[in-house]
Amino acid sequence: MPLDDTTPINERELVLVREIDAPAHVLYRCWTEPELMKQWFAPKPWEVPHAETDPRTGGKSLIVMRGPDGTEMPNAGVYLEVIPGKKIVFTDAYTDGWIPTEQPFFTGIIEFQDLGNGRTRYIARARHWTVESKKQHEEMGFHEGWGLCADQLAELAKTL
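These numbers come from a predicted model, not from an experiment. (Residues numbered from 1 in each chain as written. Predicted model: local features only at pLDDT ≥ 70, side-chain atom pairs only at ≥ 80, totals over all residues. Heavy atoms only, no water.)

Among the structural elements, Thr 120 can be located in strand E9 (residues 119–128). From its side chain, Thr 120 meets the backbone oxygen of Ala 22 in a polar contact 2.6 Å long. Setting aside residues no more than four positions away along its own chain, Thr 120 makes contact with Arg 18, Glu 19, Ile 20, Ala 22, Pro 23, Ala 24, Leu 27, Phe 112, Gln 113 and Leu 115. (Helix = DSSP H or I, 4+ residues; strand = E, 2+ residues; numbered from the N terminus. Polar contact = N/O pair within 3.5 Å; in protein donor to acceptor, adjacent residues only side chain to side chain. Contact = heavy atoms within 4.5 Å.)

See below:
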């Protein structure tokens, strides 16, 4: 079977694809505006009490997710590539100022493909440093969690 844009590139990648009833530029806003990210980025009942974004190459991001028990999970990283309305590439391999992190987990690649009539093909990729990290992400519930977040993203985008 030939590769298409939904096929993992290797055994270290996870992919989620959705068609969403919202324009690409609106989905991009939801991924780059902190107040919007707080509304959809964590699968409920988790929440995002804090979000910082600087969506440009080398810009930092910090998203803090909080679980129902109060446990907080800060996710710091940098943007590697940003094409407004089309693509966002980020990683936890570095923090602000290109400082390497102790233990990088993955690089995220988010693509927004305009399908016309206000619809967008949303492709989220998680490229892991190791097969073990990919398996860990799957066991953490990548497909379920990122799927719920994509649903929340779609719901929010309809209101903008």
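Let's pick the thread back up.
By volume, the largest pocket is sized at about 880 Å³. Around the largest pocket sit 31 residues that line it, and Phe 41, Met 65, Asn 75, His 137 and Trp 146 are the ones nearest its centre. Breaking the lining of the largest pocket down by element, the ones donating at least two residues are helix H2 (34–40), strand E3 (60–66), strand E4 (72–83), strand E5 (87–91), helix H3 (131–139) and helix H4 (142–158). It is E4 that provides the largest number of residues to the lining of the largest pocket, a total of six residues. A per-class count over the lining of the largest pocket returns 21 nonpolar, nine polar and one charged. (1 Å grid on protein atoms, 1.4 Å probe; cavity = no way out; pocket = protein on both sides within 12 Å on 5 of 7 lines; lining within 4 Å. Points joined across faces, edges and corners; volume = space filled by probe spheres on them. Nonpolar A, V, L, I, M, F, W, Y, C, P; charged D, E, K, R; others polar.)

Glancing now at the sheet that holds E3. Within the open sheet, the seven strands sit side by side as E1-E9-E8-E5-E4-E3-E2. Their pairing is antiparallel. What marks the edges here is a single partner per strand, and that holds for strand E1 (13–20) and strand E2 (47–53). Taking the axes of each pair of neighbouring strands and ignoring which way they run, one obtains an average angle of 20 degrees across the sheet. In this structure, E4 lies alongside E5, joined through five bridges in antiparallel fashion. When the bridges of E5 are listed, Val 82 appears paired with Ile 88. Of the strands in this sheet, E1, E2, E4, E5, strand E8 (106–116) and E9 are in contact with helix H1 (residues 24–32), which crosses E8 at around 155 degrees. (Pairing = 2+ DSSP bridges. Axes fitted to C-alpha atoms, helices over the stretch in contact; angles between N-to-C directions.)

Here five bridges tie E2 to E3, and the two strands are oriented antiparallel to one another. Of the residues in E3, the one forming a bridge with Glu 52 is Leu 62. Here E2 folds back onto E3, and the loop between the two strands holds six residues, one of which, Gly 58, carries a positive phi near 90 degrees. Of the strand pairs in this sheet, E3 and E4 are connected by seven bridges, and their pairing is antiparallel.

The next subject is the packing of aromatic side chains. Tallied over the entire structure, the rule returns eleven aromatic pairs. Here Phe 90 and Phe 106 contribute two aromatic rings whose centre-to-centre distance is 6.0 Å and whose plane-to-plane angle is 80 degrees, an arrangement assigned as edge-to-face. Placement of Phe 90 in strand E5 and of Phe 106 in strand E8 is noted, with a sequence separation of 16 residues between them. An identical accessibility class is assigned to Phe 90 and Phe 106; each is buried. Ring centres of Tyr 94 and Trp 98 lie 5.5 Å apart, and the angle between their planes is 75 degrees; on these two criteria the pair is classed as edge-to-face. Looking at Trp 98, the relative accessible area reads 41%, which means it is partly exposed. Ring pairs connect the aromatic residues Trp 31, Trp 40, Phe 41, Phe 90, Phe 105, Phe 106, Phe 142 and Trp 146, which therefore count as one cluster. (Phe/Tyr/Trp six-rings, centres within 6.5 Å; stacked < 30°, edge-to-face > 60°. Buried < 20%, exposed > 50% of the residue type's maximum accessible area, 1.4 Å probe, protein only.)

In this section: the packing of H1 against H4. Relative to each other, H1 and H4 sit at 115 degrees, their axes nearing to 10 Å. Of the two elements, H1 crosses H4, and the hand of that crossing is right-handed. Here H1 contributes Val 26, Leu 27, Cys 30 and Trp 31 to the contact with H4, which in turn contributes Leu 153, Leu 156 and Ala 157. Residue composition of the contact of H1 with H4, by class: seven nonpolar, no polar and no charged. (Left-handed = near helix turned anticlockwise from the far one by under 90°.)

Any functional reading would require information beyond the geometric quantities listed.
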